[in-house]
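In case you want the letters, here they are:
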Amino acid sequence: MPDSVVKAAEGTRMYAYVVLSLLIGARTEELRALAWTEVDLVGDPDNDVPAWIAVWRSVREGGDTKTKRSRRSLALPRRCVEALILHRAQQHRERQEAGDKWQENDLVFASLVDTPLDLHNVRRAFRKIVKDGGLSADDWTPREMRHSFISLLSDSGVPLDDIARLVGHSGTAVTEAVYPKQIRPVLLGGAEAMDRIFE
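Conventions adopted
Residues numbered from 1 in each chain as written. Predicted model: local features only at pLDDT ≥ 70, side-chain atom pairs only at ≥ 80, totals over all residues. Heavy atoms only, no water. Helix = DSSP H or I, 4+ residues; strand = E, 2+ residues; numbered from the N terminus. Buried < 20%, exposed > 50% of the residue type's maximum accessible area, 1.4 Å probe, protein only. Contact = heavy atoms within 4.5 Å. Areas by Shrake-Rupley, 256 points an atom, 1.4 Å probe, with all protein chains shown as cover. Axes fitted to C-alpha atoms, helices over the stretch in contact; angles between N-to-C directions. Parallel < 35°, antiparallel > 145°, perpendicular 65-115°, else oblique. Left-handed = near helix turned anticlockwise from the far one by under 90°. Nonpolar A, V, L, I, M, F, W, Y, C, P; charged D, E, K, R; others polar. Polar contact = N/O pair within 3.5 Å; in protein donor to acceptor, adjacent residues only side chain to side chain. Core = buried A, V, L, I, M, F, W, Y, C linked by side-chain atoms within 4.5 Å. Lys, Arg positive; Asp, Glu negative; His and termini not counted. Salt bridge = Lys/Arg side-chain N within 4 Å of Asp/Glu carboxyl O. Pairing = 2+ DSSP bridges.

1. A word on the overall build of the chain
Check the secondary structure of the chain and you find 9 helices and 3 strands. In the chain, the succession of helices and strands from N to C terminus is α-α-α-β-β-β-α-α-α-α-α-α. Looking at the chain as a whole, 41% of its 199 residues qualify as buried. Considering only intrachain contacts with a sequence separation of at least 6, the fraction spanning at least 24 residues in the chain is 56%. For the chain, the accessible area works out to roughly 11,400 Å², and carbon and sulfur atoms hold 53% of it.

The structure is reproduced here in structure tokens:
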């Protein structure tokens, strides 16, 4: 299902937002505060440093992240880098069209004149994308992309400690409490070991 949301977002101003929401699991308040100065689309390939973003701020009161542990630097999957390159080019065209109305805020995700997006604008645009993707707009919110991120990682066998760090939780207990349906509940280690032993 998340793939149909990504496909429906292609060609919209929200495409990069949807891709990052799903592929890095950032909170919506973190993405709305993301500045271009906190994005490195190249990294340092000579030293094995991938493209990355710094999730160090949010639109919460005071501009801080939800918790101190929520401050994190995240490697960007290739699809995120590609989406952000397209997004930056589109934003450059919007800056040209806006002329004197452009208000430079260095925001990655912003209005047509670079003012901050509010949650209602994001939800409205996301509802349209979800509907265009053939899903129920009542069942999907931008936050569902974070849930999907956790589910996809869990289903792929990523350890819970790693998932907790990626989503900015202080520990696995928070991840398990907040996302119990997304975390794979089946303990596989015993069965896999026995299958190997008794092949």
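2. Considerations on the packing of helix H2 (residues 15-24) against helix H4 (residues 78-98)
Axis angle and axis distance: for two packed helices, these are the angle between their axes and the distance between the axes, and together they describe the pair. Contact geometry for H2 and H4: axes closest at 9 Å, N-to-C directions at 160 degrees. Taken as axis vectors, H2 and H4 run roughly antiparallel relative to one another. For H2 against H4, the interelement crossing comes out left-handed. Taken together, the residues of H4 that come into contact with H2 (itself represented by Tyr-15, Ala-16, Val-19, Leu-20, Leu-23 and Ile-24) are Arg-79, Cys-80, Ala-83, Leu-84 and His-87. Among the residues making up the contact of H2 with H4, the classes are represented as 9 nonpolar, 1 polar and 1 charged.

3. As for unusual backbone geometry
Phi angles above zero are rare outside glycine, and Asp-106 is one such case at about 60 degrees. Note on placement: Asp-106 falls in the loop between H4 and helix H5 (119-132). Here Asp-106 falls in the partly exposed class, since its relative accessible area comes to 23%. Positive phi is not limited to glycine here, since Asp-114 has a value of about 70 degrees. Within the fold, Asp-114 resides in the loop between H4 and H5.

4. Points about the side chain of Arg-72
Tracing the sequence through the fold places Arg-72 in strand E3 (residues 72-75). At 2.9 Å, the side chain of Arg-72 and the backbone oxygen of Leu-166 are in polar contact.

5. Brief notes about the nonpolar core
In this structure, Val-5, Leu-20, Ile-53, Leu-76, Leu-84 and Phe-109 are the most contacted members of the largest nonpolar core, which totals 38 residues. Mapped onto this core, the elements with two or more residues apiece are helix H1 (2-9), H2, strand E2 (52-55), H4 and H5. Counting residues per element, this core draws most heavily on H2, which supplies 8 residues. Not counting chain neighbours up to four residues away, the residues in contact with Leu-84 comprise Ala-16, Leu-20, Trp-36, Val-39, Leu-41, Leu-76, Val-108 and Phe-109. Grouped together as the second largest cluster of nonpolar side chains are 5 residues, Phe-149, Ile-150, Ile-163 and Val-167 included.

6. Let's talk about the side chain of Arg-32
Positionally, Arg-32 belongs in the loop between helix H3 (28-31) and strand E1 (39-40). No salt bridge forms around the buried Arg-32; measuring N to O, its nearest opposite-charge neighbour Glu-29 is 5.5 Å away. In terms of polar contacts, Arg-32 uses its side chain to reach the backbone carbonyl oxygen of Leu-117, at 3.2 Å.

7. Some words on the sheet that holds E3
The 3 strands lie next to each other as E1-E2-E3, forming an open sheet whose pairing is antiparallel. Taken across any chain shown, the strands that pair with only one partner, and hence form the sheet edges, are E1 and E3. With 2 bridges joining them, E1 and E2 adopt antiparallel strand pairing. Across the sheet, residue Asp-40 finds its bridge partner in E2, namely Trp-52.

Note that all results are geometric; they support no functional claim without further evidence.
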